[in-house]
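Spelled out from the first residue to the last, the chains are:
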Amino acid sequence: MIATWLFFVVIGLVLVVGLLFGYFARQILANQQLRSAQNEAKRLLEEAAAKHEEMLHKAREEAVKVRQAADAESRERRYELQRLERRFIQKEERLDHKLESLERRERGMVEKEKGLDSIRAQLEEIRSKQLHQLELISGVSSQEARDELLRVVEVEIREDASRKVREWEERIKDEINDKARDILATSIQRCATDVVSETTVSVVSLPSDEMKGRLIGREGRNIRALEQATGVDLIIDDTPEAVTISSFDPLRREVARVALTNLILDGRIHPARIEEVVEKAKNEVDTAIRNEGEQAIRKASVPGVHPELIRLLGRLKFRSSYGQNVLTHSLEVAHLSGMLAAEIGADVILAKRAGLLHDIGKAVDHEVEGPHAAIGADLVRQWDKSAEVAQAIVEHHGEAGTTSTLGFIVATADAISGSRLGARRESLEEYLKRIEALENVAKSFSGVDKAFAIQAGREVRILVKPEQVDDLGAMRLARDIVAKIEDTLQYPGQIRVTVLRETRAVDYAK
């Protein structure tokens, strides 16, 4: 028991001694670390002080350098300012001298002006006295003399101007006519085409008159089926071995002609067979349209045309204008446009393209509202993407105002093709109306005595009253009549307006 208690006492003493020893050991280590930290801090402070002193020294040196540079710059600026100030003072002194000199000159000019005013007043007084004396001598006032002089000068100037204008116009007309005559003659001689005339009816030959009854069918069912399928009128009359197809639509008329020809060759004629043959005929006509368009492209030597435009071009084969086949006319205009372009140095390929497509709008003008030139220009813009060709097409009838070179070429070629002998057919009634309208336009102007349309309406000769229209007025009258004809009438080609003025001096010997 005692031994156990002593054991615990000894263990406690050992623990207490260990704790005391650990405490004093930690205190010694802490003191050593504190002294080490103090030494390190002292060393760092000494280094910082040394660096601070060094930096402060460098800063003082830099400040001295900056101050020296600033002083030098300040001295230079003061010197420059002093120099500028001296220059300004010198300029101001020179300006003062010049101002004084100008003031002296101004005073001298004022004095001279006063002297001139006095002299001018004296001259005016002398002139008034002389004018008064002249008026007394001549018996005419100065205003009347001035008016008379102006009248005489005006008459002389008008006569000179009229004479010069006539000379210039004659010279210019001669030069232009010679050049245009050469170009047109060369182009027309190089273009040889046949005269083509078409109507609104087609005639199909029959092998015998018996075929007429088969075409009519029982109670007319065959002819009704054919007319309904094709949209044309079949005229079966007393004409031997012939049937007439009538329609204003040339495509329908062609489809009916092909279908009727095939039915006659086949011999089987009944409503069901008619519908089948008409459908095949439509396909044949479509194929023919494409072939005609492609042949036109090859004949005109115009590559790269859009297939849709080729198809529309082929439809012109079955379109006529004033009895002239439009496709043939378009080919002729294409050749003429190319020749005219070659003569004046323009783009031949582009001119041919515009000439070939200039009437493309007529292929759809019954389907689209508007003039065929504007329709054709829209089609070319849509499919061909050629702004120059579209512009020429819309200009070739003057509806948009002909401004481009290509437009002038196509318009000229179109006029040549349409106005040549036999190109177009015109009824007598329409011809007489056009001649009468042409003469009425000329007679509507004051001063016109008589007007005559000659050369089939290609020229108008006008006799004027000489006491109402002078030479210069005759020239103006010709221009005004031309402008009114262009604005109010429609005509192929061009019309020449000639104004004739005759002055007669009549006297009698007694």
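Residues numbered from 1 in each chain as written. Predicted model: local features only at pLDDT ≥ 70, side-chain atom pairs only at ≥ 80, totals over all residues. Heavy atoms only, no water.

A. Layout of the packing of aromatic side chains. Tallied over the full model, the rule gives zero aromatic pairs. Cation over ring: Lys 484 sits above Phe 445, and NZ or CZ is 5.5 Å from the ring centre. (Phe/Tyr/Trp six-rings, centres within 6.5 Å; stacked < 30°, edge-to-face > 60°. Lys NZ or Arg CZ within 6 Å of the ring centre and 35° of its normal.)

B. Up close: the nonpolar core. With 40 residues, the main nonpolar core has Leu 313, Leu 356 and Ile 360 as its most contacted residues. Put simply, the parts of the chain that give this core at least two residues each are helix H6 (271–300), helix H7 (307–315), helix H8 (326–344), helix H9 (348–356), helix H10 (372–383), helix H11 (387–395) and helix H12 (405–419). Looking at this core element by element, the count peaks at eight residues for H8. With residues near it in sequence (within four places) discarded, Ile 360 still touches Leu 309, Leu 312, Leu 313, Leu 316, Gly 376, Leu 379 and Val 380. Core analysis: the next-biggest nonpolar cluster, separate from the first, contains 27 residues, Val 232, Val 243, Ile 269 and Phe 318 among them. (Core = buried A, V, L, I, M, F, W, Y, C linked by side-chain atoms within 4.5 Å. Buried < 20%, exposed > 50% of the residue type's maximum accessible area, 1.4 Å probe, protein only. Helix = DSSP H or I, 4+ residues; strand = E, 2+ residues; numbered from the N terminus. Contact = heavy atoms within 4.5 Å.)

C. Main features of the packing of H8 against H9. Close contact between H8 and H9 brings their axes to 7 Å; oriented N to C, the two are set at 155°. Between H8 and H9, the interaxial angle falls into the category roughly antiparallel. Here H8 and H9 pass one another in a crossing that is right-handed. Every residue of H9 that contacts H8 at Ser 330, Leu 331, Val 333, Ala 334, Ser 337, Gly 338, Ala 341 and Ala 342 is listed here: Val 348, Ala 351, Lys 352, Gly 355 and Leu 356. (Axes fitted to C-alpha atoms, helices over the stretch in contact; angles between N-to-C directions. Parallel < 35°, antiparallel > 145°, perpendicular 65-115°, else oblique. Left-handed = near helix turned anticlockwise from the far one by under 90°.)

D. How the structure looks around H8. Under the 1.5 Å per step criterion, the end-to-end length of H8 is 26 Å for 19 residues, consistent within 8% with the ideal 27 Å. Looking one or two places after H8, you find Gly 345, whose phi comes out positive at around 85°. (Expected span 1.5 Å × (residues − 1).)

E. Structural view of H9. With seven of its nine residues buried, H9 lies for the most part within the structure. The complete set of buried residues in H9 reads Leu 350, Ala 351, Lys 352, Arg 353, Ala 354, Gly 355 and Leu 356.

F. Summary view of the pattern of salt bridges. Considering all chains together, one arrives at 14 salt bridges under this definition. Salt-bridge contacts for Lys 58 lead to Glu 54; the nearest nitrogen and oxygen are separated by 3.7 Å. Of this pair, Lys 58 and Glu 54 both sit in helix H1 (residues 2–138), four residues apart, which is roughly one turn of that helix. Ionic pairing is found between Arg 381 and Asp 378, a salt bridge with its closest N-O pair at 3.0 Å. Placement of both Arg 381 and Asp 378 in helix H10 is noted, with a separation of three residues, approximately one turn of the helix. Under the relative-accessibility criterion, Arg 381 is labelled partly exposed at 40%. (Salt bridge = Lys/Arg side-chain N within 4 Å of Asp/Glu carboxyl O.)

G. Representation of the pairing of strand S7 (residues 459–464) within the structure. As paired elements, strand S6 (residues 448–454) and S7 share six bridges and run antiparallel to each other. When the sheet's bridge partners are listed, Lys 450 is paired in S7 with Leu 463. In the sheet, S7 pairs with strand S8 (residues 496–500) via five bridges, with the strands oriented parallel. When the bridges of S8 are listed, Leu 463 appears paired with Leu 500. (Pairing = 2+ DSSP bridges.)

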